[in-house]
Amino acid sequence: MKNITLQFIPYAEIAYISPYRRVKYLIDLAVDNRILLIQGKLAPEEEADLIQETMKRIGKKRSRFKGIELTTFSPKTKNLSFMQSFKENVAKTLLGERDVFTIVGPATIVREIKKDPKKIQLLLRK
Amino acid sequence: MPIKIIKNFFKRVFYNLFITKKHVKLGFYGPPNSGKTTLANRLCKDWVGEDMGKVSRVPHETREIQFKEKVDINFNNKKITFKLIDTPGIATKIDYEDFLHYGLKTKEAKKRAREATRGVIESIKWLDDMDAVIVVLDSSKNPYTQVNITIIGNLVARKIPVLIAANKTDLKRIKLKKIEAAFPEYDVVGISAKKGHNMEEFYETLFDLVKKT
Ligand SMILES: Nc1nc2c(ncn2[C@@H]2O[C@H](COP(=O)(O)OP(=O)(O)O)[C@@H](O)[C@H]2O)c(=O)[nH]1
Ligand SMILES: [Mg+2]
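The rules behind these values
- Residues numbered from 1 in each chain as written.
- Chains lettered and ligands numbered in written order.
- Predicted model: local features only at pLDDT ≥ 70, side-chain atom pairs only at ≥ 80, totals over all residues.
- Heavy atoms only, no water.
- Helix = DSSP H or I, 4+ residues; strand = E, 2+ residues; numbered from the N terminus.
- Polar contact = N/O pair within 3.5 Å; in protein donor to acceptor, adjacent residues only side chain to side chain.
- Contact = heavy atoms within 4.5 Å.
- Near = heavy atom within 4 Å.
- Areas by Shrake-Rupley, 256 points an atom, 1.4 Å probe, with all protein chains shown as cover.
- Nonpolar A, V, L, I, M, F, W, Y, C, P; charged D, E, K, R; others polar.
- Patch = residues over 30% accessible without salt bridge, like charges linked within 9 Å, V, L, I, M, F, W, Y side chains within 5 Å.
- Salt bridge = Lys/Arg side-chain N within 4 Å of Asp/Glu carboxyl O.
- Lys, Arg positive; Asp, Glu negative; His and termini not counted.
- Charge placed at Lys NZ, Arg CZ, Asp CG, Glu CD.
- Buried < 20%, exposed > 50% of the residue type's maximum accessible area, 1.4 Å probe, protein only.
- Donors = N, O, S within 2.8 Å, 3.2 Å for Na, K, Ca; no water.

Undergrad: I keep staring at the side chain of Asp95(B) and nothing clicks. Help me out?
TA: Residue placement: Asp95(B) occurs in the loop between β3 (78–86) and α3 (96–100). Within the structure, the side chain of Asp95(B) is placed 3.0 Å from the side chain of Lys66(A), a separation counted as a polar contact. Among the polar contacts listed, one links the side chain of Asp95(B) to the backbone nitrogen of Glu97(B), at a separation of 3.0 Å. Residues in contact with Asp95(B), not counting those within four places in the same chain, are Lys66(A) and Arg111(A).

Undergrad: How should I be thinking about the site of ligand 1 in this particular structure?
TA: Residue and element names in this part refer to chain B. Surveying the vicinity of ligand 1 reveals 16 residues, the closest of which are Gly35, Lys36, Thr37, Thr38 and Asp170. Side-chain polar atom of threonine 37 to an oxygen atom of ligand 1: 2.9 Å apart, as the coordinates give it. At a separation of 3.0 Å, an oxygen atom of ligand 1 approaches a polar side-chain atom of lysine 168. Considered on its own, ligand 1 offers 580 Å² of accessible surface; in the complex 90% of this is hidden by protein. The leading source of residues in the shell around ligand 1 is helix α2 (residues 36–47), at 3 residues. Here the residues of the shell around ligand 1 are counted per class, giving 3 nonpolar, 8 polar and 5 charged.

Undergrad: Got a minute to help me understand a positive patch on the surface in this structure?
TA: A contiguous patch of positive charge, built from Lys61(A), Lys110(B), Arg114(B) and Arg118(B), is present on the exposed surface. In this fold, Arg118(B) is placed in helix α4 (residues 106–126).

Undergrad: Quick question: what am I supposed to make of unusual backbone geometry here?
TA: It is generally the case that most residues other than glycine have a negative phi and that most peptide bonds are trans. All names here are of chain B. Even without glycine at this site, asparagine 33 takes up a positive phi of about 75°. In this fold, asparagine 33 is placed in the loop between β1 (23–29) and α2. Under the relative-accessibility criterion, asparagine 33 is labelled partly exposed at 29%. The backbone of lysine 70 shows a phi angle near 50°, a positive value even though the residue is not glycine. Residue position: lysine 70 is located in strand β2 (residues 66–75). The class of lysine 70 is exposed, set by a relative accessible area of 59%.

Undergrad: Teacher, can you tell me more about the coordination of the magnesium ion (ligand 2) here?
TA: Each donor-metal-donor angle in an ideal tetrahedron of four donors is 109.5 degrees, and each such angle in an ideal octahedron of six donors is either 90 or 180 degrees. All names here are of chain B. Protein coordination at the magnesium ion (ligand 2): the donors are Thr37 (OG1) and Thr62 (OG1), at 2.0 to 2.1 Å from the metal. Linking threonine 37 in helix α2 with threonine 62 in the loop between α2 and β2, this pair joins segments that are 25 residues apart in sequence. The two residues threonine 37 and threonine 62 agree in class, both being buried.

Following this line, the structure appears as structure tokens:
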């Protein structure tokens with residue numbers, strides 16, 4: 001957990017680059033052991049591109065990268081049922097949804113955090 | 001006689017359109033291990049009399065796209081010809097160490113993982129080619145996963161009709177209601193591909209789906 005950082009990516013930072021470069025940018029950061037909190041949401045096609053790019057990076061020599069965890073959530077709809085927020089997530093495909101956030105993180109690290117949520121506090125204190 | 005030539009031309013074009021339309025490219029998508037190949041095999045066995053691919057309890061058994069041409073399915077006196085396309089499925093992570101728990105050696109496990117990553121890439125590439133897709137889910141698992149959302153989102157974006165096969169209904173503690181609630185816009189059919197449960201309803205829903213292509 002030593003070399004991990006949490007990085008906030010505001011909407012403006014990735015909104016105006018091409019989808020191709022956006023996906024590359026995000027995956028480069030994830031491979032570099034960063035957990036990304038992105039303001040906005042990827043389009044389904046970008047999610048698919050992100051998964052393809054992820055697969056290409058797994059198993060590279062000298063890399064312990066095993067893939068990503070990807071989650072979209074919206075703080076506003078926190079009290080909605082899971083079903084409603086799921087429907088919202090499917091309906092909202094624009095990156096420009098500013099009340100929606102996406103988390104992209106290396107799978108191995110997210111797994112560690114799930115096992116021991118206190119670790120996220122360690123990260124935040126940096 | 002130009003009129004006759006034109007008439008014949010149109011007849012041929014429409015005939016071809018009709019034929020291609022009835023030759024439905026049907027994809028099997030879903031997360032690893034949900035039973036995509038088991039279901040594809042069930043269809044093959046029911047209508048062609050042979051299997052299509054290998055099934056395993058170890059995830060990522062299917063690592064290359066598998067095809068079965070000309071599968072004629074009859075239902076209510078109607079016949080539709082399918083081309084079945086069984087895919088490796090979609091995952092956001094693949095860890096070779098997971099395969100070690102199933103008794104694979106490190107070298108084998110790494111090879112399987114490498115092939116599995118390529119399989120996921122292929123599965124995504126093939127999305128564009130589908131006329132209709134069966135999303136196969138494991139009914140005993142939580143349906144609200146990012147992989148499921150990404151799969152459905154991509155099918156919606158490409159306007160490909162979707163049927164959700166909630167598989168493994170023979171297991172205990174299945175979440176059929178939860179799956180139906182998660183995908184209210186779609187037909188969800190509970191089946192057991194392994195045991196052959198509820199296949200009549202499955203075929204009926206499949207024929208309804210093809211009408212939408
Ligand atoms: N209990 C039960 N197990 C099933 C069913 N369908 C598939 N399986 C099992 O789930 C595992 C994965 O099946 P497979 O078809 O290879 O999944 P795929 O990765 O989606 O193609 C195997 O052990 C199958 O025997 C089912 O309807 N019920
Ligand atoms: Mg399979």
